[in-house]
Amino acid sequence: MGTVAQNAVVAGLAAVAALSGTAFAGGSLVFRGLDINTGSTVPMASTPNSTSARTSFLSALTEGFAVNDVESVPLGSSPSVLQFGSGLSATVSGARFSIRDTPLVSAHGVVGPRFVYTEADEAQTLMSLVFNAPVTALGFWHTDATDWFGTAGIPQFLAQVRLPSGDFGSINLTTTATNTIRDGSTGFFGIVTPFAFTEFRVFRQAGGGNTDAVGFDGFIAVPTPGAAGLALVGLASMARRRR
């Protein structure tokens with residue numbers, strides 16, 4: 001169960017248009033997949049929809065990419081720095097932030113046991129990523145997001161990228177109604193932009209009352225060509241996976 005979607009985020013606040021294929025004009029490609037957890041344990045045994053979204057995201061990249069799977073990030077509750085190699089890094093923070101290596105409230109790691117854990121109230125930033133150099137693509141796994149099964153009217157989380165205008169462009173983190181998402185569900189979100197950006201966040205809108213816990217893992221970033229050193233590594237590793 002779940003969905004896979006590809007959309008365009010037009011370069012304007014919260015403007016969204018559908019796409020076919022991988023071409024786009026005037027905006028950014030977004031890849032989203034979600035697998036609903038119908039069992040009672042995490043992690044899920046299989047995540048075909050989110051894995052497909054990740055594969056499509058990687059296939060859309062034309063520059064080299066770098067990965068941080070959180071496994072080398074120290075455990076703790078302070079904002080942390082994700083190192084992507086060759087000088088590229090991102091400060092990651094959020095509401096009730098911590099780096100964990102055991103599941104909590106069904107949020108969990110995907111690549112390995114270690115993951116970014118956040119828990120937000122209404123109208124609060126769940127996760128913020130601030131890069132030290134411009135990037136043109138970002139992808140990551142998320143777990144236990146907007147799991148409001150059986151409760152109608154709870155809004156989606158917003159994935160927001162800082163546009164050249166200074167505003168945030170917004171799109172729903174998933175394409176699935178929140179009242180159908182169960183505890184411990186796993187998703188992937190990826191964005192490829194025609195402009196460079198240094199700031200990205202996941203924002204919880206008002207509505208729902210209780211706090212909402214989420215796990216984030218397996219971050220993928222594409223530096224601008226000037227941030228260098230990563231292109232051959234990223235594309236070579238992707239080519240190996242396709243063989």
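Note that the structure is predicted; figures quoted are calculated from it, not measured. (Residues numbered from 1 in each chain as written. Predicted model: local features only at pLDDT ≥ 70, side-chain atom pairs only at ≥ 80, totals over all residues. Heavy atoms only, no water.)

A.B. asks: Lay out the packing of aromatic side chains in plain terms, naming residues and giving numbers.
C.D. replies: In the structure shown here, the tally under the stated rule is 10 aromatic pairs. Centroid distance Phe57 to Phe188: 5.7 Å. Interplanar angle 55 degrees. Geometry classified as tilted. Of this pair, Phe57 sits in helix 1 (residues 48–60) while Phe188 sits in strand 12 (residues 186–204), placing them 131 residues apart in sequence. What makes Phe57 buried here is its relative accessible area of 0%. By way of ring pairs, the aromatic residues Phe140, Phe189, Phe200, Phe216 and Phe219 are connected into one cluster. Seen from the ring of Phe168, Arg201 lies directly overhead, with NZ or CZ sitting 4.0 Å from the centre. (Phe/Tyr/Trp six-rings, centres within 6.5 Å; stacked < 30°, edge-to-face > 60°. Helix = DSSP H or I, 4+ residues; strand = E, 2+ residues; numbered from the N terminus. Buried < 20%, exposed > 50% of the residue type's maximum accessible area, 1.4 Å probe, protein only. Lys NZ or Arg CZ within 6 Å of the ring centre and 35° of its normal.)

A.B. asks: Could you give me a rundown of the side chain of Thr186, with the residues and numbers involved?
C.D. replies: Position of Thr186 relative to the elements: it lies in strand 12. If we ignore the near neighbours within four places in the chain, the residues touching Thr186 are Gly33, Leu34, Asp35, Met44, Thr47, Ser50, His108, Val110, Trp141, His142 and Thr143. (Contact = heavy atoms within 4.5 Å.)

A.B. asks: Would you mind going over the environment of Ala221 in detail, with residue names and values included?
C.D. replies: Structurally, Ala221 is set in strand 13 (residues 212–223). Accessibility expressed as a relative area gives 0% for Ala221, which makes it buried. Along the backbone, Ala221 and Ile191 are 30 residues apart, and their C-alpha atoms lie at a distance of 9.7 Å. In this structure Ala221 touches Phe65, Ala66, Phe84, Leu88, Phe131, Val135 and Ala137, once residues within four positions along its chain are discounted.

A.B. asks: Account for helix 1, naming residues and giving values.
C.D. replies: A rise of 1.5 Å per residue sets the reference length of helix 1, with its 13 residues, at 18 Å; its end C-alpha atoms lie 18 Å apart and thus fit the reference within 8%. By the burial criterion, the buried members of helix 1 are Asn49, Ser50, Ala53, Phe57, Leu58 and Ala60. (Expected span 1.5 Å × (residues − 1).)

A.B. asks: So, the pairing of strand 12: which residues are in play, and what are the values?
C.D. replies: Summarising burial for strand 12: 14 of the 19 residues are buried, a large majority. Two elements, strand 3 (residues 27–35) and strand 12, share 7 bridges in a ladder whose sense is antiparallel. Paired with Val30 across the bridge in strand 12 is Ile191. As paired elements, strand 10 (residues 157–162) and strand 12 share 5 bridges and run antiparallel to each other. Bridging across to strand 12, Ala159 finds its partner in Val202. (Pairing = 2+ DSSP bridges.)

A.B. asks: Describe the nonpolar core, listing the residues and the values that go with them.
C.D. replies: Residues Phe140, Phe200 and Phe219 are the most contacted members of the largest nonpolar core, which totals 39 residues. Those elements giving two or more residues to this core turn out to be strand 5 (80–85), strand 6 (88–93), strand 8 (115–120), strand 9 (124–143), strand 10, strand 12 and strand 13. Ignoring anything within four residues of it in the chain, the contact list for Phe219 reads Ala66, Val67, Asn68, Val70, Leu82, Phe84, Val116, Met127, Leu129, Gly139 and Phe140. By size, the runner-up hydrophobic cluster in this structure holds 14 residues, among which are Leu29, Phe57, Leu61 and Val192. (Core = buried A, V, L, I, M, F, W, Y, C linked by side-chain atoms within 4.5 Å.)

A.B. asks: Outline the side chain of Gln156, supporting the account with residue identities and numerical values.
C.D. replies: Within the element layout of this structure, Gln156 appears in the loop between strand 9 and strand 10. Assessed through its relative accessible area of 10%, Gln156 is described here as buried. A polar contact of 2.9 Å, which involves the side chain of Gln156, links it to the side chain of Thr174. Other than its neighbours up to four places away in sequence, Gln156 contacts Thr146, Asn172, Leu173, Thr174, Thr175, Thr176, Ala177, Thr178 and Gln205. (Polar contact = N/O pair within 3.5 Å; in protein donor to acceptor, adjacent residues only side chain to side chain.)

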